[in-house]
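# A closer look at the structure
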Amino acid sequence: MQPTIKSKLPYAGTTIFTEMSVLAAEHNAINLGQGFPDFDMSPQLVSLVNKAMQAGNNQYVHMNGLPLLRERIAEKIEKLYAAKVNATNEITVTPGGTYALYTAFTTILQKGDEVIIFEPAYDCYIPAIELNGAVAVTIPLLLPSYKIDWIAVKEKINPATKAILINSPHNPTGAVIDEADIDALKAIVKDTGIFILSDEVYEHLIFDGKKHLSILKYPELYERSFVHFSFGKTYHCTGWKLGYCVAPASLTKEFRKVHQFNAFTSFGPTQYALAEFLQQENEYLQLGSFVQQKRDYFMQLMTETKFAALPSYGSYFQLYSYANITDEKEKDFAVRLTKDYGVTTIPVSAFYRQPTENKVLRFCFTKKESTLEAAAEKLLKL
Ligand code: PMP
Ligand code: GLN
């Protein structure tokens, strides 16, 4: 008799990104759903990976990441955020940002702990919390700005609160935190044992002259933080699944205990390549304006349609309201758009645990201009 599994994630289906990408492929639709660029990554970076493999760098790299890459990451952090982090004991290279977040949760959480997250929330947070026996306490972001409601946060804090997760630039809304948010966070965690998990995978994808406020800049926040990054987003190679976690030495020590018995190390050749490529500052410094142009181009195309843009200050994404078009639920409308109009998006309701309908869809604008043009043309028919 085959044994049965008592599911640890009884409410989870397949992620909305996979579901919508499969639907897009089935209907040959333009996929503005899942967040990935449809243009080529840097050929130079590809050559560097090739070079590393040809040179025989194909065995395990150090479990915490290639030492030279960690040095280069530390240099970059110092330049960008005026923070000195130690490459030896504060940076761990991981197989992606998602893995790093999961590892950080596993490192700190005990059964019954509470973690405050904000909704709409990127889909991996709640499962990672629950798989570790903890409870996700969700607080809705304030519409229409999608700012954090710090009064609500204060009200939810109790002795079981183990961590607060923040994500800026934010997926799916494109909201970014400002100095007032940092001050509010400082005031809330001061004199508590609360950890911060900061998801900063879109650190360079920030627009309109705004500056990314990394937790790394603030020593009184950093001392309690695990800060997460992803090379996939920075270098247009989401399929690489390579990222890193920065945390103070004592936190990193425990993080690595978990990491060493799970992935242990990450794919090597890309680490050699990135150690070299990271020295080309302009590759990441120009990213914000490069992606902003795409946001602006798509927004301009969309003015001809009945969709209404909500502000996006960062990330790969922008929300559009379809309140002028239909009363349908977000998921139903997103499915119909794929099937009948050939454009795939992500319903924002998928980023909430409780049914929440605001008639908004998430569009990924990090695509070739021709892709955006073709999508807008189809959406004009609505
Ligand atoms: N956090 C957010 C908000 C994301 O959008 C992503 C992208 N998928 C990740 C984390 C994970 O990045 P990675 O693909 O490196 O696991
Ligand atoms: N981060 C990507 C997004 O938000 C998707 C990654 C995934 O498919 N899990 O669209």
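Values in this document were obtained by computation on a predicted structure and should not be read as measured data. (Residues numbered from 1 in each chain as written. Chains lettered and ligands numbered in written order. Predicted model: local features only at pLDDT ≥ 70, side-chain atom pairs only at ≥ 80, totals over all residues. Heavy atoms only, no water.)

### Concerning helix α10 (residues 249-260)
Between its first and last C-alpha atoms α10 spans 16 Å; for twelve residues at 1.5 Å apiece the expected length is 16 Å, and the two agree. Every buried residue belonging to α10 is among Leu251, Thr252, Phe255, Arg256 and His259, and all of these are buried. The buried residues of α10 all sit within an arc of 135° when viewed along its axis, so they share a single face. In α10, the exposed positions angled more than 90 degrees off the buried face are occupied by Ser250 and Lys253. (Helix = DSSP H or I, 4+ residues; strand = E, 2+ residues; numbered from the N terminus. Expected span 1.5 Å × (residues − 1). Buried < 20%, exposed > 50% of the residue type's maximum accessible area, 1.4 Å probe, protein only. Arc of directions from axis to C-beta.)

### Digging into the site of ligand 1
The full set close to ligand 1 counts 13 residues, and Thr98, Asp199, Tyr202, Ser230 and Lys241 are the nearest of them. Tyr122 is positioned such that a nitrogen or oxygen atom in its side chain is 2.9 Å from a nitrogen atom of ligand 1. Lys233 places a polar side-chain atom, nitrogen or oxygen, 3.2 Å from a nitrogen atom of ligand 1. Coverage of ligand 1 by the protein chains reaches 93% of its 390 Å² of free accessible surface. Partitioned by chemical class, the residues of the shell around ligand 1 number four nonpolar, six polar and three charged. (Near = heavy atom within 4 Å. Polar contact = N/O pair within 3.5 Å; in protein donor to acceptor, adjacent residues only side chain to side chain. Areas by Shrake-Rupley, 256 points an atom, 1.4 Å probe, with all protein chains shown as cover. Nonpolar A, V, L, I, M, F, W, Y, C, P; charged D, E, K, R; others polar.)

### Topic: helix α15 (residues 369-379)
Side chains three or four residues apart in an α-helix point the same way, a direct result of the helix having 3.6 residues per turn. Taken residue by residue, α15 has Thr371, Leu372, Ala375, Ala376 and Leu379 as its buried positions. Down the axis of α15, the smallest arc covering the buried residues is 130°, so these residues share one side. Where α15 is buried, its residues contact β1 (30-31), α13 (287-302), α14 (330-341), β11 (343-344) and β13 (360-364). (Contact = heavy atoms within 4.5 Å.)

### Considerations on the site of ligand 2
In the vicinity of ligand 2, the contacting residues are Phe17, Gln34, Gly35, Tyr122, Asn171, Lys233, Phe317 and Arg362. Side-chain polar atom of Gln34 to an oxygen atom of ligand 2: 2.7 Å apart, as the coordinates give it. A distance of 2.8 Å is found between an oxygen atom of ligand 2 and a side-chain nitrogen or oxygen belonging to Asn171. In the complex, the protein chains occlude 80% of the 300 Å² of accessible area that ligand 2 would expose alone. Here the residues of the shell around ligand 2 sort into three nonpolar, three polar and two charged.

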